[in-house]
Every structure is written in structure tokens, then in C-alpha cells.
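Single-letter residue listing:
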Amino acid sequence: MKKFTFRQLVLGCTCLLASQVSLASTANERPNILVILTDDMGYADVGFNGSPDIRTPNLDQLAAEGTMMTSAYNAHPFCGPSRAGIMTGRYPHKFGSQFNLPTSDRSGGLGIPTSEIFISEVLQDAGYHTGAIGKWHLGEDGDFHPNNRGFDDFYGFLNGGHDYFPSKFKAQYEKQRKQGLNHSIFHYLRPLEHNGKEVDVNEYLTDALSGQAVNFIEASAKDKKQPFFLYLAYNAPHSPMQAKEEDMAQFPEIKDKKRKIYAGMVYAVDRGVKEIVQTLKDTGQYDNTLIVFFSDNGGKPNLGANNYPLKGRKGSVLEGGYRTPMFFHWPKKIPNGKTFTFPISTLDLYPTFAKIAGAEIPKKKKLDGKNLIPSLVAGTDPRPGEMIYAVRHRNGYSEAAARKDNWKIVNVSGKWQLFDVEKDSSESNDLSKEYPLVVREMVAEMEMWSWSNTQPSWFHNHAEGALWREKAMPRFHETFSLKEKAANELNVH
Ligand code: CA
């Protein structure tokens, strides 16, 4: 499965030579980097971010001993493009990845363009032992497979989701396979893989992913003698909504059935985090590991999520769609017990990780984020006066939003609104009439940014693509017009 590009071979040889002389001395100095990602988790669905009912004691302890971010934004309000942003450090609209990959078999052979060097490649080239566990969703075949995108080790599933109980998904898969359905079997039921080879999973999926993370961390400490980069992408609490009875039993006070299942799914992640933290401690790596936790987009209240106090949900450019709970934990390097309120983006992770790893970013690589460490340490704004963007294309129109300092402009129904989200995170008090110049300037700046967006390289399904062409999307001349347009003209569903 694994194949190397010429660039990797050249860099690999260089690194090998360098590693013989330097890795032994630098392994203990360069930090490990552990990303713990959840999927479709709401803003109020972890204890440290104000959940009234879901307890996440292990995540909360890490957040309390690290720096918690209250204004962290994803690059996109749904899965695939958000993850493309994490890996590339660029807005997915800049390289045609603003939609989820097709659900057709193995994503139709498509994936995030290989011209976008992933952070995993940069860290691998710098001598890190790299692992991805869980959900991928960035392309499945050949060059797009995680093993060919900078990950030494991949354990998980390549598409956008998976069922949780092996006893059920294995039985359904076998039944359909015997019926000769091979290629049309729903991908949520298919076997997981480890570096291209099918694996047999016998645990609740979240536990299997946590267990693999423990294995990876132990192996890194014992055998690899390199710092590690682990991208642990739980699919919880993404649908299908399936929780263990014992996890749901932790929440006897939750009466709503959906919320109880959801809470159980989040609790399973938190149990896994406990094991992972213990493994880091047992292997002497806890103090030298940066842990970053967040969700790839907002929650879906109809499935039990809670985005309070934010408006909107997964898919929306209202705050609830793409503002995520987040913390950084790194003893003695990142402030302990601090809350960081300045706006940041998950696009900032790429340059931040490269910097702390001492890794070289290829000169031609374009990035939209910033190294956050100096700002986190000093408690200062990493991008005063600069914008963080969100664009979500819908059927025949585009939702758009931009955050700058305390301000946010947002257009979800043909009308630009302005909120002081520092004071009004629930986007309740539209100030566009009081500050028309702020609106005008921010909309103009965002329109300029949009000029370098590209046409999508794929659509999630045929109907989405057909409508895009029929409506001559993205219709940015309408999106960035300050003239109000009626909702019925926008084909709002
Ligand atoms: Ca998601």
C-alpha cells in the first residue's frame, strides 16, 4: 500500500543521515504532538465548555491544566472540508475541496490534491513518527491514502463515518457480501484497516480507536525513539447514534433518549482520553506532549447535540456551525489554567506544529494560519485586524461569514448582519444598522478574499453537482451584494 514520492525519498535519505547524528539528542527535546478530534460535537457538549449534563472529567482536567480557547473556528462547518483545512493549513475553497467527497465506492478515486503538502508529511520529513487513527475522509485510493500522505501508521476507516458495534456491523456486512453486494455495501459497515490490511474489530469502535492510540504511544516510546505526531480522529459523537449501556448509565438524570445516547458516546471518548493520558505518563512522555482537543464542526441538535449559547448547527456559518470547544495542554510551555478568548482557526495548527517540531515547511506551501504559541504564552491576539472566513455553499446560494476582532459579519439568508460576538456570542443583536461602515468594509474585504476561491473539484453527489451548474454557482456577486435579497429568491430550503 505504501509508496513514496521522489520528494519523500530524497528527504527520507537526508533525514536518515541527519537522524543518525541528531535524533538521539533531539528526541527528548522535540515535543510529541497529539491531536484528539471529535466529530460533530456541540459547543456545550464537554464539561470544560459549560455542558450542564455531560460529564467529561478527563478532558476537563486537561483543559483546566492547559489553555482553553473560547473562540476557535473550524475552516468549514462540516466534515471533509474542515479536515482538509487541518491537514493543509488552507481554506478548502482554495483548492477545490469545499464539498465532502462523493459517497460512491472509494470516493470515486478522488482526494485532497497532492500538491497540498499535509502537516503529517512535514512532520514525517522532520523525523517524527506519525500516526492517524479513526476517520480519514480525505481520499481513499493510491496517493490519497493516509500512508501516502505522511502517516507511517494508519488504523481506521477511510470514509466519512462508521457504525460502532462490531457484532452488528460485521453481521450486516457479511450478510450483504454473501448477497453479492460487494461494492454497494454501505461504507459504515465495512471492515476497518491497519495500513491497508483489513483488521478484525471486536470492541465498541471508540474503545478500539482509544486502544490503538495507546498502542501507538507505547510503540513510539519503546521502539521508535522518535517524537510522535498522532492524529486521533474519533468519529464519535457523529451518527449513527450508538452508545454502550454502561456509558449511558453514567447519566441517569438525562431523560431525553437522544441526549442520553449522545452523552454516552462522548463519555466513551473521555474514558479513552483517561487511558491515553495514563499511557503518556507511564511512558514518561506526558510533560513533553502537546495535546490539542477540538471537534471538526458543530453539533446536530436533532441527534442530541447542544451548541448553547451559540445559534446554528453543523453546516451553518452561524457560530454553532463551526466554533468549537478547544484546548491546548503542554506542561510548562502553554499557560496552565488560562482561558484564551481571541479568535483562532484550526488552520493555525499547521504552522504551530511545524514550528514546535522544528520542521521545515516547503517554500512553495501556502498557508492561511499562524503559529499560535507566542500569542498563547503572552496572552495576546494572534491576528489583530485580520479575518477568519467561513463559506458554505447551499443549493443555489452561499452562506458566508467573517470574524475580525470582536466583529462578525454573517449572511445566511440574503442579508448581511453584524454582531459583536465577543459580547454577543449567540448572534442575537444585529448591529448592522448602527455600524454600516464596519459591514461595508468587512464585506468588501471578504469579497476580495473570495476571488481566489476555486470551483469545486467534486460534489458529494450527482444532484449537488447538477444544481451547482444549473444555478451558475457560487454566485458570489449576490453573496457579497449589500442589497437585501428575499429568502424565496435564494431558493432557501
Ligand atoms: Ca463532522
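Because the structure is predicted, anything quoted here is derived from the model rather than measured. (Residues numbered from 1 in each chain as written. Predicted model: local features only at pLDDT ≥ 70, side-chain atom pairs only at ≥ 80, totals over all residues. Heavy atoms only, no water.)

**A look at the nonpolar core**
Part 1 of the reasoning: Grouped together as the largest cluster of nonpolar side chains are 54 residues, with contacts concentrated most on Leu 34, Leu 230, Leu 232 and Ile 276.
Part 2 of the reasoning: Every element with two or more residues in this core is listed here: strand E1 (32-38), helix H2 (57-64), strand E4 (153-157), helix H5 (166-178), helix H6 (205-224), strand E7 (228-233), helix H8 (257-282) and strand E8 (289-295).
Part 3 of the reasoning: The element best represented in this core is H8, accounting for twelve residues.
Part 4 of the reasoning: Apart from residues lying up to four places away in sequence, Ile 276 is in contact with Leu 34, Ser 210, Ala 213, Val 214, Ile 217, Leu 232 and Tyr 234.
Part 5 of the reasoning: Counting residues in hydrophobic clusters, the runner-up holds 51 residues, among them Ala 72, Phe 151, Phe 229 and Leu 372. (Core = buried A, V, L, I, M, F, W, Y, C linked by side-chain atoms within 4.5 Å. Buried < 20%, exposed > 50% of the residue type's maximum accessible area, 1.4 Å probe, protein only. Helix = DSSP H or I, 4+ residues; strand = E, 2+ residues; numbered from the N terminus. Contact = heavy atoms within 4.5 Å.)

**Overview of the layout of surface pockets**
Part 1 of the reasoning: Quantified by volume, the largest pocket comes out at close to 730 Å³.
Part 2 of the reasoning: What lines the largest pocket is a set of 38 residues, and nearest its centre among them are Phe 78, Asn 100, Arg 392, His 460 and Glu 464.
Part 3 of the reasoning: At the level of secondary structure, the elements contributing two or more residues to the lining of the largest pocket comprise strand E12 (387-393) and helix H13 (462-470).
Part 4 of the reasoning: Looking at the lining of the largest pocket element by element, the count peaks at four residues for H13.
Part 5 of the reasoning: A per-class count over the lining of the largest pocket returns eleven nonpolar, 17 polar and ten charged.
Part 6 of the reasoning: Counting contributing residues, the lining of the largest pocket receives three or more from each of domain 1 (6-378) and domain 2 (395-490). (1 Å grid on protein atoms, 1.4 Å probe; cavity = no way out; pocket = protein on both sides within 12 Å on 5 of 7 lines; lining within 4 Å. Points joined across faces, edges and corners; volume = space filled by probe spheres on them. Nonpolar A, V, L, I, M, F, W, Y, C, P; charged D, E, K, R; others polar. Domains from an automatic or database assignment.)

**Quick look at the domain arrangement of the protein**
Part 1 of the reasoning: Taken domain by domain, the protein consists of domain 1 (6-378) and domain 2 (395-490).
Part 2 of the reasoning: Between the C-alpha centres of domain 1 and domain 2 the distance comes to 28 Å.
Part 3 of the reasoning: Listed as interface residues are 28 residues of domain 1 and, on the opposing side, 25 residues of domain 2.
Part 4 of the reasoning: Here domain 1 and domain 2 share an interface that buries about 2300 Å² over both sides, 54% of which is from carbon and sulfur atoms.
Part 5 of the reasoning: Considering only the side of domain 1, the residues that lose the most area to domain 2 are Lys 94, Phe 99 and Val 317, jointly responsible for 28% of the buried surface there.
Part 6 of the reasoning: Run the count over domain 1 and domain 2 and you get one salt bridge.
Part 7 of the reasoning: Residue Glu 319 is joined to Lys 408 by a salt bridge in which the shortest nitrogen-to-oxygen separation is 2.8 Å.
Part 8 of the reasoning: Taken together, the links from domain 1 to domain 2 amount to 18 residue pairs in polar contact (both at pLDDT 80 or more).
Part 9 of the reasoning: Broken down by secondary-structure element, the contributors of at least two residues to the side of domain 1 that touches domain 2 are strand E2 (67-73) and helix H9 (319-322).
Part 10 of the reasoning: When the residues that make up the side of domain 1 that touches domain 2 are grouped by side-chain class, the tally is 14 nonpolar, ten polar and four charged. (Buried area = accessible area lost by both parts, 1.4 Å probe. Salt bridge = Lys/Arg side-chain N within 4 Å of Asp/Glu carboxyl O. Polar contact = N/O pair within 3.5 Å; in protein donor to acceptor, adjacent residues only side chain to side chain.)

**Some words on the sheet that holds strand E15 (residues 416-420)**
Part 1 of the reasoning: Reading across from one edge, E12-E13-E14-E15 is the order of the four strands in this open sheet, with antiparallel pairing throughout. With partners counted over all chains shown, the strands left at the sheet margins are E12 and E15, one partner each. Averaged over all pairs of adjacent strands, the angle between strand axes in this sheet comes to 15°, irrespective of strand direction.
Part 2 of the reasoning: In this sheet, strand E14 (residues 407-411) lies alongside strand E13 (residues 398-404) in antiparallel orientation, the contact comprising five bridges. Note on E14: the bridge partner recorded for Ala 401 is Val 410.
Part 3 of the reasoning: Helix H12 (residues 436-450) rests against E12, E13, E14 and E15 of the sheet, and its axis sits at about 70° to E12. (Pairing = 2+ DSSP bridges. Axes fitted to C-alpha atoms, helices over the stretch in contact; angles between N-to-C directions.)

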